[in-house]
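# Notes for the structure review
Residues per chain are reported as follows:
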Amino acid sequence: MITDVLIIGGGGAAARCAIECSNKNVIIAVKGLFGKSGCTVMAEGGYNAVLNPEDDFKKHFEDTMKGGGYINNPKLVEILIKNAPKELKNLEKFGSIFDRNDDGTIAQRPFGGQSFNRTCYSGDRTGHELMAGLMEYINKLEKVKILEDMMAIKLIVKDNRCYGALFLNMITGDIFPIYAKSTVLATGGAGQLYPITSNPIQKVGDGFAMAYNEGVELIDMEMVQFHPTGMVGTGVLVTEAVRGEGGILYNKNKERFMVNYDKDRMELSTRDVVAKAIYNEIQEGRGVNGGVYLDVSHLDDEIIEERLETMFRQFMDIGVDIRREPMIIAPTAHHSMGGVRINERCETNIKGLFACGEVAGGIHGANRLGGNALADTQVFGAIAGRSAEEFAEESEFNLKDIKEYADKLIIDIKGDLANKMDNENNEHNTKYNIFELINSLKGIMWDYVSIVRNEGGLKKALSEIDDLKNKAENVKINGIIEIQKYLELKNMITVAEIIVKCALERRESRGAHYRSDYPETKEEWKGNLVVCKGNIKFVKL
């Protein structure tokens, strides 16, 4: 199978990318179902854009840089904020519908860490509405082909040039290549490294691992955001729109505790601050059933039922009427600020390989503002599409040479899988259960590499991950699902190890990265950690 542009991923960034380069032959290869397996469709709160004459780009820029601990790439931030309004209009052209004010202007709500109400929304199901418009538009594009239930397992990279990727057909078990002049990673983040997460099951960090394995630079990998408000025990997201509409946080003593952490912004402080505050309240014994209260019962029923409709139904399903009683919430693993290092054209350091959406790093710095992610998918999805189309227009390659190389890669992968299946008959090996190893890794990350970190815990995590790496070589696998899980486990171990090593390296606290042994933010650490081929370098800003 060969195409001009191969897009790996099935969320908002992948969709917008496909639209932009749809004059070429495009294949979208999705690990699950297109538009239903990414994080975009699950996003609830909104899309940040400067629309009001009283707002301006400078304010949005400063909010984003401040929220990101000033280690964001300022060029990428400028691109984001200046193009977000245009891409919002494109979304309406594609078919997405946003809530409006009585005068017909697009409604905007307050969100955490922002100096102006600039978050556009569609109730509390904004991501769903965004994907509905994108999917409707893509269905009209004759040159865009969608392949579902296809897990990308390795990029085809030779002599610093990407020629597509190898895939596992998750239905048949077949391993096959898709060759492409341009390849775009839009695979999302790695929330599933943690047992409590808002992310869907597909988000294990495949894109990070595939890129890293081929010598692609990764940036800011220690920066993992924990959304302050998830349903206790499950991690199912409780949108920031709840606080944007006036939701109040308080502990078991009915104290509105955010006054002790950010008395000016209170519940609308940045996510890193609110998450650490909730964590602290729980750790110091002021929590309730593993969380804290989030209350909107003081709001009019109409506001809750219309603007927070999803939340209203979500909690009614478990017998909680948020019009009359508070929710109980706790932090949940949510977003990777780090990722593939890109330039202003979404290019990586490998020719023919581009990245957009959550898999790309550098835009959000040490902490992402709520509402900037959906804008990110559209702005950089469009740029990646244009860049990929231009590269495909200008490039050719010898399919015979690349096919021989890809065939060898497939033989190696199938050989590894065959050995793992033969482990059943090897009496000398201890045979480990793939699912138990995955759960062990998640436990390690939650215990030592979550909201609060320290050197001792991080070193213990590194040691235990190394032990898991050895055990992963002695797993027994049987059937397609276990093949998929084995490949995912290898990716998860790779990404987890990178996160831990970067977290150890950054000896300060900044944004989502909090070190209890280095609690201060230090000027000398104002910069980025860049990982490539086993090496970590610090780039001072």
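Computed from a predicted model, the values in this text were never measured in an experiment.

Definitions and cut-offs
Residues numbered from 1 in each chain as written. Predicted model: local features only at pLDDT ≥ 70, side-chain atom pairs only at ≥ 80, totals over all residues. Heavy atoms only, no water. Helix = DSSP H or I, 4+ residues; strand = E, 2+ residues; numbered from the N terminus. Rg over C-alpha atoms; globule rule 2.2 N^0.38 Å. Buried < 20%, exposed > 50% of the residue type's maximum accessible area, 1.4 Å probe, protein only. Contact = heavy atoms within 4.5 Å. Expected span 1.5 Å × (residues − 1). Arc of directions from axis to C-beta. Polar contact = N/O pair within 3.5 Å; in protein donor to acceptor, adjacent residues only side chain to side chain. Pairing = 2+ DSSP bridges. Axes fitted to C-alpha atoms, helices over the stretch in contact; angles between N-to-C directions. Parallel < 35°, antiparallel > 145°, perpendicular 65-115°, else oblique. Left-handed = near helix turned anticlockwise from the far one by under 90°. Nonpolar A, V, L, I, M, F, W, Y, C, P; charged D, E, K, R; others polar. Salt bridge = Lys/Arg side-chain N within 4 Å of Asp/Glu carboxyl O.

### Structural notes on the overall build of the protein
Along the protein, the regular secondary structure elements total 14 helices and 19 strands. For 541 residues, the compact-globule estimate of 2.2 N^0.38 gives 24 Å, and the C-alpha radius of gyration of the protein, at 23 Å, lies within 12% of that figure. C-alpha atoms of the protein, sized along the principal axes, occupy 65 × 55 × 50 Å. Considering the protein as a whole, with its 541 residues, one finds that 61% of them fall into the buried category. A separation of at least 24 residues holds for 72% of the contacts in the protein among residues at least 6 apart in sequence.

### Looking at helix 13 (residues 455–472)
The end-to-end C-alpha distance of helix 13 is 25 Å, a good match for the 26 Å that 18 residues give at a rise of 1.5 Å each. Residues of helix 13 that are buried include every one of G457, L458, A461, I465, L468 and A472, and no others. In a view along the axis of helix 13, the buried residues occupy a sector of 90°, so they form one face of it. Packing partners of the buried residues in helix 13 comprise helix 11 (399–422), helix 12 (434–448) and helix 14 (480–505). Two to three positions downstream of the cap, the backbone nitrogen of G456 sits 3.2 Å from a side-chain oxygen, assigning the N-cap of helix 13 to N454.

### As for the pairing of strand 11 (residues 224–231)
Counting buried positions along strand 11 yields 8 of 8 residues, so the element is predominantly enclosed. Direction of pairing for strand 11 relative to strand 14 (residues 327–336): antiparallel, over a ladder of 6 bridges. What sits directly across from Q225, in strand 14, is H335.

### Comments concerning the packing of helix 13 against helix 14
Interaxial distance between helix 13 and helix 14 falls to 10 Å at its minimum, and their mutual angle equals 155°. The orientation of helix 13 with respect to helix 14, classified from their angle, is roughly antiparallel. As helix 13 runs across helix 14, the sense of the crossing is left-handed. Contacts from E455, L458, K459, A461, L462, I465, L468, K469 and A472 of helix 13 reach helix 14 at Y486, L489, I493, A496, E497, V500, K501, A503 and L504. Within the contact of helix 13 with helix 14, the residues separate by chemical class into 13 nonpolar, no polar and 5 charged.

### Observations concerning the pattern of salt bridges
Here the structure, examined in full by the defined rule, presents 42 salt bridges. Close ionic contact of R271 with E240 constitutes a salt bridge, the shortest N to O distance being 2.5 Å. Of this pair, R271 sits in helix 7 (residues 271–283) while E240 sits in the loop between strand 11 and helix 6 (241–244), and the two are 31 residues apart along the sequence. You can call R271 buried: its relative accessible area is 6%. Several salt bridges share partner residues, and in doing so they unite R16, E20, E87 and R386 into one network.

Just geometry here; none of it tells us what the structure is for.
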